[in-house]
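An overview of the molecular structure
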Amino acid sequence: MSQELMKKVVSLCKRRGFVYQSSEIYGGLKSAYDYGPLGVELKRNLMNAWWRDMVHRREDVVGLDASIIMHPRVWEASGHLAGFSDPLVDCLVCKERFRADKAPQLAAGQPAVLSFPDKGVAKRMHEQIEKQQELALERKGTELHGATAGDRGYVCPNCGSPWLSEERQFNLMFKSSLGATDPLGDVASAIEAGGLEGLSGRELRSKLEELTKPSAVYLRPETAQAMFVQFQNVLQSMAIKIPFGIAQMGKSFRNEITVEHFIFRSTEFEQMEMEFFCEPGTDDEWLAYWKEARIAWWRKFSNDPDKFKLRPHEPEELAHYAKGCFDIEYDYPWGWGELEGIANRTDYDLQKHAKHSGTKLDYFDPTDNKRFVPYVIEPAAGATRGVLVYLIDAYTEEEVATPRGTTETRVLLKLHPQLAPIKVAVLPLTKKDGMPELARQVVDRFFERGINAKYDEQHAIGKRYRRHDEIGTPWALTIDHESLSDGTLTIRDRDTMEQRRISIDGAVDEIERLLRVG
RNA sequence: GCGGGAGUAGCUCAGUGGUAGAGCGCGACCUUGCCAAGGUCGAAGUCGCGGGUUCAAAUCCCGUCUCCCGCUCCA
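Residues numbered from 1 in each chain as written. Chains lettered and ligands numbered in written order. Predicted model: local features only at pLDDT ≥ 70, side-chain atom pairs only at ≥ 80, totals over all residues. Heavy atoms only, no water.

Take Glu270: it is sitting in strand S13 (residues 268–278). Sequence-distant contacts of Glu270, that is, excluding residues within four places in its chain, are made with Lys43, Met47, Gly250, Lys251, Ala381, Gly382, Ala383 and Thr384. (Helix = DSSP H or I, 4+ residues; strand = E, 2+ residues; numbered from the N terminus. Contact = heavy atoms within 4.5 Å.)

If you want it as structure tokens, here you go:
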């Protein structure tokens, strides 16, 4: 059922020009998507709404648009260079994949007991292990006895098996090289000079890294670090006082271990992040403030506010630098999942960058002659996730009666008018009697006011209504015979399908009014 | 990355070795004129890609890419 919903949304996205797979004619590129003519409008509307509410409508938040490639030492300081490579291991018995550092610790030589969900599985695994490992085990119900832990010092968290694959490093940041000369040239020279002969795999790797390091740069895995790195510049150039925030929207890149759920988790994604700098001691209040403000913001544009919830992080779940954290989760078709994280990052980032850069990153409060390193509350939202959430939220099917006495399914996107790609469709009832000409004049009035309107005369009127329902156009204005004589037109509501007459001269003002109300 | 499923027209899918199909959608025209109406005609497919088996492959085999589900990670 819910998987059906996801399929329908994905299909509609392609059919109606919201989201296409990247490089599709070349077979597609894994986890890369392009936003089509309607998708780009939806995404921009969402991001502009965020910017408007987070920056323009507040005195205490300013914007930033930093470069995607920053000094590589930024990522040393932030911990991303180290922390983004977690050793992962596969269980050779049950095929579970897990993080080595989070697996149950068991000293070498200790008895390792394997356990499985039922006897059938246990029996099958028993035979498989004895065949593969040439080792006799004893089966007691769902458990297998007689194995011992290896030198690795841990066992599979799922079944308890000591038979594990090699630890594999996953480099989650996208690496590139800065400069017009190819760093592989240096590697080639080193090989020619014989400098790489006789090295072990590990030594060779570190040597190659050393050779390529001078030109190595990374695509940012999050937009946040730029706000810390530019903290001092913003503070000084804007004459702004704490508490204040720096907001930024933009692309980030992560080599995720697994990408999934359409645009939910992709290697290239778009974020809307804000770092709110406050005095230590006020951080708990600000975390409470921002988590409420942020979930209210998401709910504002939704048809189903109950599908958003705040989930506090368990202490053991918290990132090492975070003092407290709330996720805003959405009830996706596959279950609850993250949409935004609001974290109390303490002074961790500013301290780190101060130390690594040798620059003081603190704040002097002139009112009480106090100097301190601010704490940071970070509401970090996924913009591309937001697009997906509102598409799912908006997708609606309803049974409607036809004039022929049958019923049929009407598909509509109940997008919030401020998010809808096209705000208003202007339709001549027929292609005759000067209706198209008058309708075009009406569209021009919307163009002049910068409202995305669409003239449409193709097919019968009912079909045009339905097509605009499907792309979420909230209002349709129809020029009919009366329009020609009395200067009025009908305005049709997407959700109720109800119509009323308004004056043509007042149409633009009316849509602007509805857009503000909506 | 590992395990499972899938890829045929824009979309949804049928087609299991013998001339690539349907519905919807799309385009033109006729008719109608306020909720996917009817009619006529039409365009559209590297059957994901590459290789192999075969007289013959969408169909069988191998490889590969992509998508979906699970594990894991995160905005």
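We are not done yet, so read on.
Moving on, we come to the pairing of strand S6 (residues 111–115). Of the two faces of S6, only the one carrying Ala112 and Leu114 is buried; Pro111, Val113 and Ser115 on the other face are not. With 4 bridges connecting them, S6 and strand S8 (residues 143–148) associate as antiparallel partners. Counterpart to Ala112 in the pairing with S8 is Ala147. (Buried < 20%, exposed > 50% of the residue type's maximum accessible area, 1.4 Å probe, protein only. Pairing = 2+ DSSP bridges.)

Here we come to helix H13 (residues 435–448). An ideal rise of 1.5 Å per residue puts 20 Å on 14 residues; H13 measures up with 20 Å between its terminal C-alpha atoms. Taken from the residues just after H13, Gly450 is the one with a positive phi, measuring 75°. (Expected span 1.5 Å × (residues − 1).)

What follows concerns the nonpolar core. Formed by 55 residues in total, the largest nonpolar core has its most connected members in Phe18, Trp298 and Phe308. Counting only elements with at least two residues in this core, the list comes to helix H1 (2–15), helix H2 (37–56), S13, helix H10 (283–300), strand S15 (324–332), strand S16 (335–346), strand S19 (375–382) and helix H12 (383–394). Once residues within four sequence positions are removed from consideration, Phe18 is found in contact with Leu12, Cys13, Asp34, Tyr35, Gly36, Leu38, Gly39, Leu42, Leu391, Leu413, Pro421 and Ile471. One finds Met70, Ala224, Leu235 and Phe277 within the second-largest nonpolar core, a separate group that totals 28 residues. (Core = buried A, V, L, I, M, F, W, Y, C linked by side-chain atoms within 4.5 Å.)

Before going further, it helps to spend a moment on the packing of H2 against H10. With their axes 12 Å apart at the nearest point, H2 and H10 run at an angle of 140° to one another. Judged by the inter-axis angle, H2 sits oblique to H10. Classified by chirality, the crossing of H10 by H2 is right-handed. Residues Leu46, Ala49, Trp50, Arg52, Asp53 and Met54 of H2 lie in contact with H10, whose contacting residues are Trp290, Arg294, Trp297, Trp298 and Lys300. Here the residues of the contact of H2 with H10 are counted per class, giving 7 nonpolar, no polar and 4 charged. (Axes fitted to C-alpha atoms, helices over the stretch in contact; angles between N-to-C directions. Parallel < 35°, antiparallel > 145°, perpendicular 65-115°, else oblique. Left-handed = near helix turned anticlockwise from the far one by under 90°. Nonpolar A, V, L, I, M, F, W, Y, C, P; charged D, E, K, R; others polar.)

On to the pattern of salt bridges. For the structure on display, the rule yields 38 salt bridges. For Asp327, the salt bridge identified is with Arg311, shortest N-O distance 3.3 Å. Here Asp327 is found in strand S15, whereas its partner Arg311 is found in strand S14 (residues 308–312), with 16 residues between them in sequence. Classification of Arg311 by relative accessible area gives partly exposed; the value is 23%. A salt bridge links Glu510 to Arg513; the nearest nitrogen and oxygen atoms lie 2.9 Å apart. A residue pair is termed a helical-turn pair when its members lie 3 or 4 positions apart in one helix, as Glu510 and Arg513 do in helix H16 (residues 507–517) at 3 residues. Looking at Arg513, the relative accessible area reads 38%, which means it is partly exposed. (Salt bridge = Lys/Arg side-chain N within 4 Å of Asp/Glu carboxyl O.)

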